[in-house]
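# Structural description and commentary
What follows is the residue order along each chain.
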Amino acid sequence: NLLGLERVLLVANHNSHLDSITVLRALPPSLRDRTAVAAAEDYFFHNRFTAAVTHLTVNGFPFARRGPIRKSLEYCDELVGRGWSLLVYPEGSRAHPGKISEFKSGVGLMGVKLGVPVVPVRVRGLERVLPKGRSVPSPHRVEVQIGPPITCAPDTPYSEATRRVEEAVRAL
């Protein structure tokens with residue numbers, strides 16, 4: 001259901017530091033090669049080493065989780081304008097194992113303003129491979145489900161877009 005799509009906003013649940021690598025590997029190469037991952041600015045970009053690793057491994061870019069996010073949103077718009085797709089985690093942080101936290105409203109704004117299809121993604125099992133607090137992975141079955149794209153009309157209220165996207169991810 002992603003074939004033929006050039007730019008999308010991938011919206012996934014977040015349970016592990018391996019989520020981005022796993023989601024990217026599930027994408028067709030043509031989409032994977034042009035997807036940038038929004039990564040927590042305060043966590044992954046607090047020093048040069050983690051910033052470089054994040055950028056080099058998953059095309060990560062800094063995204064503000066708290067406070068003013070305008071600069072982050074403008075950069076997302078710039079990336080999409082240059083032909084990139086985006087992978088975002090609207091929970092803002094890794095959720096408790098097996099759970100999905102409430103989505104932040106910025107994902108609705110992005111879904112409306114970016115003008116690209118929003119693709120819900122659900123990852124299961126990574127919370128057992130590399131849970132929060134552990135640094136050594138354990139083998140476990142992992143599943144990535146990619147839902148049908150959602151289109152948000154320009155006049156869609158951001159809260160409604162957020163609700164629709166969150167429901168689509170939870171339904172997978």
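Quick look at the structure, then. (Residues numbered from 1 in each chain as written. Predicted model: local features only at pLDDT ≥ 70, side-chain atom pairs only at ≥ 80, totals over all residues. Heavy atoms only, no water.)

Across its full length, the protein holds eight helices and six strands. Across the protein, helices and strands are ordered from the amino to the carboxyl terminus as β-α-α-β-α-α-β-α-β-α-β-α-β-α. Here the C-alpha atoms of the protein give a radius of gyration of 15 Å, agreeing with the 16 Å that 2.2 N^0.38 yields for 172 residues. Expressed as lengths along the three principal axes of its C-alpha atoms, the size of the protein is roughly 45 × 35 × 30 Å. Evaluated residue by residue, the protein yields a buried proportion of 46% over its 172 residues. Taking as baseline every contact in the protein between residues at least 6 positions apart, the subset at least 24 positions apart corresponds to 69%. Accessible area of the protein: about 9300 Å², with a carbon and sulfur share of 54%. Computed over 23 positive and 16 negative side-chain charges, the inter-centroid distance for the protein is 6 Å. (Helix = DSSP H or I, 4+ residues; strand = E, 2+ residues; numbered from the N terminus. Rg over C-alpha atoms; globule rule 2.2 N^0.38 Å. Buried < 20%, exposed > 50% of the residue type's maximum accessible area, 1.4 Å probe, protein only. Contact = heavy atoms within 4.5 Å. Areas by Shrake-Rupley, 256 points an atom, 1.4 Å probe, with all protein chains shown as cover. Lys, Arg positive; Asp, Glu negative; His and termini not counted. Charge placed at Lys NZ, Arg CZ, Asp CG, Glu CD.)

An α-helical segment advances 3.6 residues per turn. Residues three or four places apart therefore align on the same side. Look at helix α5 (residues 70–81): 16 Å from first C-alpha to last across 12 residues, which is about the 16 Å you get at 1.5 Å a residue. Where α5 is concerned, the buried positions are Ser72, Leu73, Cys76, Leu79 and Val80. All buried residues of α5 fall inside an arc of 115° around its axis, so they share one side. Residues Arg70, Lys71 and Gly81 are exposed on α5 and point more than 90 degrees away from its buried face. Two residues or fewer after α5 comes Gly83, characterised by a positive phi angle close to 95°. (Expected span 1.5 Å × (residues − 1). Arc of directions from axis to C-beta.)

The next point concerns the packing of helix α6 (residues 106–113) against helix α8 (residues 158–171). One can describe the packing of α6 onto α8 by two numbers: an axis separation of 7 Å at closest approach and a directional angle of 100°. Classified by the interaxial angle, the pair formed by α6 and α8 is roughly perpendicular. Counting all contacts with α6, which are made through Val107, Gly108, Leu109, Val112 and Lys113, the residues of α8 involved are Tyr158, Ala161, Thr162 and Val165. Its residues placed into classes, the contact of α6 with α8 shows six nonpolar, two polar and one charged. (Axes fitted to C-alpha atoms, helices over the stretch in contact; angles between N-to-C directions. Parallel < 35°, antiparallel > 145°, perpendicular 65-115°, else oblique. Nonpolar A, V, L, I, M, F, W, Y, C, P; charged D, E, K, R; others polar.)

Right, let's talk about the environment of Ser72 for a bit. As for its position among the elements, Ser72 is in helix α5. Since its relative accessible area comes to 6%, Ser72 is described here as buried. For the pair Ser72 and Phe44, spaced 28 residues apart in sequence, the C-alpha to C-alpha distance is 14 Å. Contact partners of Ser72, with chain neighbours within four places excluded, come to Pro62, Phe63 and Ala64.

Overall, the coordinates contain two aromatic pairs when judged by the stated rule. Relative to Phe44, the ring of Tyr43 has its centre 4.9 Å away and its plane inclined at 65°; by these criteria the two rings are edge-to-face. You can call Phe44 partly exposed: its relative accessible area is 24%. (Phe/Tyr/Trp six-rings, centres within 6.5 Å; stacked < 30°, edge-to-face > 60°.)

Turning to unusual backbone geometry, a few remarks are in order. Unlike most non-glycine residues, Asn59 shows phi in positive territory, near 55°. With respect to the helices, strands and loops of the structure, Asn59 is situated in the loop between α4 (48–58) and β3 (60–63). Taking relative accessible area as the criterion, Asn59 reaches 29% and is therefore assigned partly exposed.

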